[in-house]
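The lines below spell out each chain.
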Amino acid sequence: MIPVGGPRVAGRFDGRRVLLTGAASGIGRATAVRLVAEGATVHAVDRDELGLAVTAEQCTGPGRITTATCDVTSEPDVIATVAGAAARSGGLDALVNVAGIHRTTPIETLRVDDLHLLFEVNLVGTALMCREAVGHLARGGAIVNVASSAAAHGNPYMSAYSASKGAVLAFSLSLAAELVGRGIRVVPVSPGTVATPLTAAVTPGDLDFGYFARIRSLLGEATPEQVAGVIAFAASDDASYLTGAELRVDGGSHT
Ligand SMILES: NC(=O)c1ccc[n+]([C@@H]2O[C@H](COP(=O)([O-])OP(=O)(O)OC[C@H]3O[C@@H](n4cnc5c(N)ncnc54)[C@H](O)[C@@H]3O)[C@@H](O)[C@H]2O)c1
């Protein structure tokens, strides 16, 4: 049976070393499973140790997975984690930044703490990982940063989250221009609505969520595996001529 998200490309990541954040859940977990199935050595990091253990159980080879807890907002954590992963495998071929958080609120109740936290995890965490990993990435390597379709399309009650993801998108496009001469590609991947714990935690409460029903993709919600397939493509040599271009994986919601 072909797995949802497409058939795995046997051996595409043989000998490739990938550092992956947000690997304890949702899209990050599906990405770990996919990359290990395609032969990669995946250094999976997250702040959730138990979730990482579940991910490791689900990765069945032929590649392999190592796990390490890391809070991507902690500079010392990121420095140690990236150095440790690179040392264990003698360098890196790809960095995939999936770790992220979401908040939904009308503008009147926007909390400054939440605004800071969204930018700390989504933007600063991604930027720190890139800064630390870039010196370990081989020529021909890739950075894949998960942004969101919300980066470029308006969604009610998501202004703060959208702004943080817009920052991830802008950061990635400029980094792509900076690294192109070093043979390192940077690809922002922007999912629409994906069935994960992150979206399950969004409850309408008193808010009018009719807007989301109107833009809902005819394809329905994506599975994490469908996004993982695109991330794997972007990180692989199949995408060797792809850099500085956003891959929007939203089932056509905004077309
Ligand atoms: N689910 C969606 O509909 C959707 C849509 C667009 C973009 N995204 C983005 O995709 C990414 C993955 O989302 P998901 O839906 O799989 O969510 P998820 O909540 O299932 O997984 C997010 C992971 O990030 C980890 N994480 C959060 N903060 C961290 C930190 N400070 N340090 C280390 N790890 C941390 C969590 O522990 C968790 O394992 C996020 O960046 C999210 O914004 C998701």
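As a starting point, this report considers the structure included with it. Each chain carries its own residue numbering, running from 1 in the written order of its sequence. Two thresholds apply to this predicted model, a pLDDT of at least 70 for residue-level local features and 80 or more for giving and counting side-chain atom pairs, whereas whole-chain, interface and lining totals are computed over all residues. Hydrogens and waters are ignored; side-chain quantities use all the structure's heavy atoms.

A few points about the sheet that holds strand E6 (residues 185-191)
Okay, step 1: A pair of strands is treated as paired once DSSP finds two or more bridges between them. The secondary structure listing takes helices from DSSP runs of H or I that are at least 4 residues long and strands from runs of E that are at least 2 residues long, numbered from the N terminus. Here 7 strands make up an open sheet; going across it, the order is E3-E2-E1-E4-E5-E6-E7 and the pairing parallel. Sheet topology places strand E3 (64-69) and strand E7 (247-249) at the edges, where each strand pairs with a single neighbour. Each strand of the sheet is rotated relative to its neighbour by a mean of 20°, with strand direction disregarded.
Okay, step 2: Residue contacts are defined here by distance: any two heavy atoms, one from each residue, within 4.5 Å place the two residues in contact. Here an axis means a line fitted to C-alpha atoms, over the contact stretch when the element is a helix, while the angle between two N-to-C directions is reported on a 0 to 180 degree scale. Contacts from helix H3 (residues 75-89) reach strand E1 (17-21), strand E2 (41-46), E3 and strand E4 (92-97) within the one sheet, and its direction differs from that of E2 by about 165°.

Section: the site of the ligand
Okay, step 1: Summary of the distance rule: residues count as near a molecule or strand when at least one heavy atom falls within 4 Å of that molecule or strand. The ligand sits among 30 residues. The nearest are Ser 25, Asp 46, Tyr 161, Val 194 and Thr 196.
Okay, step 2: Here a polar contact means two N or O atoms within 3.5 Å. Within protein one must be a hydrogen donor candidate and the other an acceptor candidate, and residues neighboring in sequence count only if both atoms are side-chain atoms. Contact between the ligand and Lys 165: an oxygen atom at 2.8 Å from a side-chain N or O atom of the residue.
Okay, step 3: To measure how exposed things are, a 1.4 Å probe is used in the Shrake-Rupley method; for residues, cover is taken only from the protein chains shown. Considered on its own, the ligand offers 830 Å² of accessible surface; in the complex 94% of this is hidden by protein.
Okay, step 4: Where the shell around the ligand is concerned, the elements lending two or more residues are helix H1 (26-37), helix H5 (159-179) and helix H6 (197-200).
Okay, step 5: For the shell around the ligand, the element with the highest residue contribution is H6, accounting for 3 residues.
Okay, step 6: The residue makeup of the shell around the ligand, split by class, is 15 nonpolar, 10 polar and 5 charged. Polar here means any residue other than Ala, Val, Leu, Ile, Met, Phe, Trp, Tyr, Cys and Pro, which are nonpolar, and Asp, Glu, Lys and Arg, which are charged; Gly is therefore polar.

A closer look at the environment of Ile 65
Okay, step 1: Within the secondary structure layout, Ile 65 lies in strand E3.
Okay, step 2: Along the primary structure Ile 65 and Val 33 are separated by 32 residues, whereas in three dimensions their C-alpha atoms are 9.0 Å apart.
Okay, step 3: When neighbours within four sequence positions are excluded, Ile 65 is seen to be in contact with Ala 32, Val 36, Val 42, Ala 44, Thr 55, Ala 56 and Cys 59.

Examining H5
Okay, step 1: Over its 21 residues, H5 extends 30 Å from the first C-alpha to the last, a length consistent with the 30 Å expected when each residue adds 1.5 Å.
Okay, step 2: By the burial criterion, the buried members of H5 are Ala 160, Tyr 161, Ser 162, Ser 164, Lys 165, Ala 167, Val 168, Leu 169, Ser 172, Leu 175, Ala 176 and Leu 179.
Okay, step 3: Against the buried residues of H5 lie helix H4 (112-133), strand E5 (137-146) and E6. Residue count minus one, scaled by 1.5 Å, sets the expected span of a helix. Buried, partly exposed and exposed residues are distinguished by accessible area as a fraction of the type maximum, computed with a 1.4 Å probe on protein chains only: under 20%, between the cut-offs, and over 50%, respectively.

Here we look at the pattern of salt bridges
Okay, step 1: A side-chain nitrogen of Lys or Arg and a carboxyl oxygen of Asp or Glu constitute a salt bridge if their distance falls within 4 Å. Applying the stated rule across the entire model yields 11 salt bridges.
Okay, step 2: Linking Arg 12 and Asp 238 is a salt bridge whose minimum nitrogen-to-oxygen distance equals 2.8 Å. Taken together, the positions of Arg 12 in the segment before E1 and Asp 238 in the loop between helix H8 (224-235) and E7 put the pair 226 residues apart, joining distant regions of the chain.
Okay, step 3: A relative accessible area of 15% means that Arg 12 is categorised as buried.
Okay, step 4: Here Asp 93 makes a salt bridge to Arg 17, at a shortest N to O gap of 2.8 Å. On the criterion of sequence distance, the pair formed by Asp 93 in strand E4 and Arg 17 in strand E1 is long-range, its members being 76 residues apart.
Okay, step 5: For Asp 93, a relative accessible area of 15% translates into the label buried.
Okay, step 6: Among the charged side chains, a network of salt bridges with common partners joins Arg 12, Arg 34, Glu 38 and Asp 238.

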